[in-house]
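# Close look at the chain arrangement
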Amino acid sequence: MDEQDAQLAFDELRRVVADSPLAWVLANVDDEIQRGRPGTRTLDRTNEDIGIFDMPRRTSARSRKIERFTTVTPFTSSERLELLVSAVDRVLTQIPELEERALSDFRERGAREVRFADDTSDREYLLDRATVPIGAVANLVGLLRELQK
Amino acid sequence: MPVDPALIAAIRNVVGHLAVPGLTTAAEANDVFEAYVLSRVLAAATTAGATSIHWRDRLDNSATTLIFRTAPGAIYSDRRLYTHALLTFPQTDPLEVHIGVIVEGKSGVAHECDVVVLPHSEGRLCRASAVNPRHSQIVIAVECKYYTGQIPLNLARSFVGLLSEISCTYGQCYFVVNTGSWTAEKMLAKQKRHWESDLLPNTASEQSITASFAKALRDYQVRNRNV
C-alpha cells in the first residue's frame, strides 16, 4: 500500500469510527498524530567552525564531536493508519480483559454488581462483562489488518 | 489501489453495532482501568497478609452493590452511598481503598487521587467531619491513565507536579498506564518516580505493580504495628 492509498484508507476508517460508539478513540489518535514521533538524532559537529575571530584554524586532526539532540518526526500516512488501527484493536481487546479481571476479583470478594456514578449528575451505569463476542472482535481486527495491505 | 468499499462496509457493520460498557467514552474506559487497578490493590492486600477484605459504604455498612466514582469527589459526599474496600490486617489499624477521592495537598488545596489507600481512622474522621483526607495519611496513591496510544508527556508532568503536593512521608505514589510512552517513561525513570506502563491482566507489569503495592502495605503494617 503506497502513502496515497494509506491516506485514503485512514480517512475512510476515521469516518467509520467517528460514526460509531468508539468515536472517543479519535481524540487520542489525533492527539498522538499531532504530537508526532519523538526521537533523538545524532549530529557530527566535528568540522563546524566556531565563531571566534582571528583564531587560526587548526590543521591537525580533531577529535570527533558527536552530539545527540531530541527531535520530533511527523507520522507518515501508513503510520497514521497503523495508529488508528492499533487504537481500535487495543480498545476492543483490552477493555473486555480489564472488565473481566476487575469483575471476577470483586465478585470473589462478595460484590454482586458494580456501578459508576458521580455527584454532578443522576447518570449511573453498570459495569458488566463485555458483550462483544470474541469472534466479532477477531473478525474486525482481521478486517482492519486487511485494510492496511 | 483504492480502498475496497466492501471492506469498509464490513468494518462499518461491526464497529457500528458495538455496545459495550466501558467502550463509549474515554471517561468510561478510565473508570474500567481504575476498577482494575483497585482489584490489584486488593490482590496485593491478600499477599501482604490481610485477614479480611470487605466492601463498605459511607455509613460503614456492608455493601454488595458497589458504587464507584466516575469523577473525583469528596470522601464525605452524601449524594450517594459510594463504596470503598476495608482491609483488615493483624496487629495494625485497618485501611480503606477508594476510587476517585479528593485529598488535601501540602499547600492546603484539594487534589484528585484516582485510587488511594488511607487508614480507616482517617476515612472515618473525614466522613464524620466533612473534610478531605490529608496527604500525610496516604499509604498508596495511584494515578491511572487509560490511553489508546502513546500517552502525552504532559500527563507524566502533571503527575510529577502532584507528587510535590501529596508526597507523603512513608506512602507510595504510582503512575500506571495501559500503554507506554518513550518520553513519559524516560522522564519518570530519570526522576526516579514509581511508574508502570503496559499494565494489563496477565502481564509482567501486573505482577510488578501488585508486588509494589504489597510491599507498601507490608511496610505500613511494620511501621504501625500495635504493640
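Just so it is clear, the model here is predicted, and its values are computed rather than measured. (Residues numbered from 1 in each chain as written. Chains lettered and ligands numbered in written order. Predicted model: local features only at pLDDT ≥ 70, side-chain atom pairs only at ≥ 80, totals over all residues. Heavy atoms only, no water.)

A separate point is empty space enclosed by the protein. Residues and elements named next belong to chain B. Going through the model one piece at a time under the given rule, you end up with 3 cavities of 30 Å³ or more. Together, Arg58, Arg69, Ile75, Ser77, Arg80, Tyr82, Thr83, His84, His98 and Arg127 line the largest cavity. Among the residues making up the lining of the largest cavity, the classes are represented as 2 nonpolar, 4 polar and 4 charged. (1 Å grid on protein atoms, 1.4 Å probe; cavity = no way out; pocket = protein on both sides within 12 Å on 5 of 7 lines; lining within 4 Å. Points joined across faces, edges and corners; volume = space filled by probe spheres on them. Nonpolar A, V, L, I, M, F, W, Y, C, P; charged D, E, K, R; others polar.)

Let us look at the interface of chain B and chain A. Each side of the interface is counted separately: chain B has 63 residues, and chain A has 65 residues. Scanning the region where chain B abuts chain A turns up 6 salt bridges. Between Arg40 of chain B and Asp105 of chain A there is a salt bridge, and its shortest N-O distance comes to 2.6 Å. Among the secondary structure elements, those contributing two or more residues to the side of chain B that touches chain A are helix H1 (5–15), helix H2 (26–47), strand S1 (52–57), strand S2 (65–69) and helix H5 (182–190) of chain B. (Contact = heavy atoms within 4.5 Å. Salt bridge = Lys/Arg side-chain N within 4 Å of Asp/Glu carboxyl O. Helix = DSSP H or I, 4+ residues; strand = E, 2+ residues; numbered from the N terminus.)

On to the sheet that holds strand S8 (residues 194–196) of chain B. Residues and elements named next belong to chain B. Read from one edge to the other, the open sheet built from 7 strands follows the order S1-S3-S4-S5-S6-S7-S8, with strand pairing classed as mixed. Of all the strands in the sheet, the pair left with one neighbour each is S1 and S8. Between one strand axis and the next, the sheet turns through 25° on average, direction left out of account. Looking at chain direction, S1 and strand S3 (residues 83–89) are connected through 6 bridges and run antiparallel. If you follow Arg56 over to S3, its bridge partner there is His84. Helix H4 (residues 153–166) contacts strand S4 (92–104), strand S5 (110–119), strand S6 (140–145), strand S7 (172–177) and S8 of the sheet and is inclined by roughly 165° relative to S7. (Pairing = 2+ DSSP bridges. Axes fitted to C-alpha atoms, helices over the stretch in contact; angles between N-to-C directions.)

Take helix H6 (residues 204–223) of chain B next. All names here are of chain B. End to end, H6 covers 29 Å across 20 residues, agreeing with the expected 28 Å (1.5 Å per residue, within 8%). By the burial criterion, the buried members of H6 are Ser205, Glu206, Ile209, Thr210, Phe213, Ala214, Ala216, Leu217, Tyr220 and Gln221. All buried residues of H6 fall inside an arc of 165° around its axis, so they share one side. Looking at H6, the residues exposed on the side facing more than 90 degrees away from the buried face are Ala204, Gln207 and Val222. (Expected span 1.5 Å × (residues − 1). Buried < 20%, exposed > 50% of the residue type's maximum accessible area, 1.4 Å probe, protein only. Arc of directions from axis to C-beta.)

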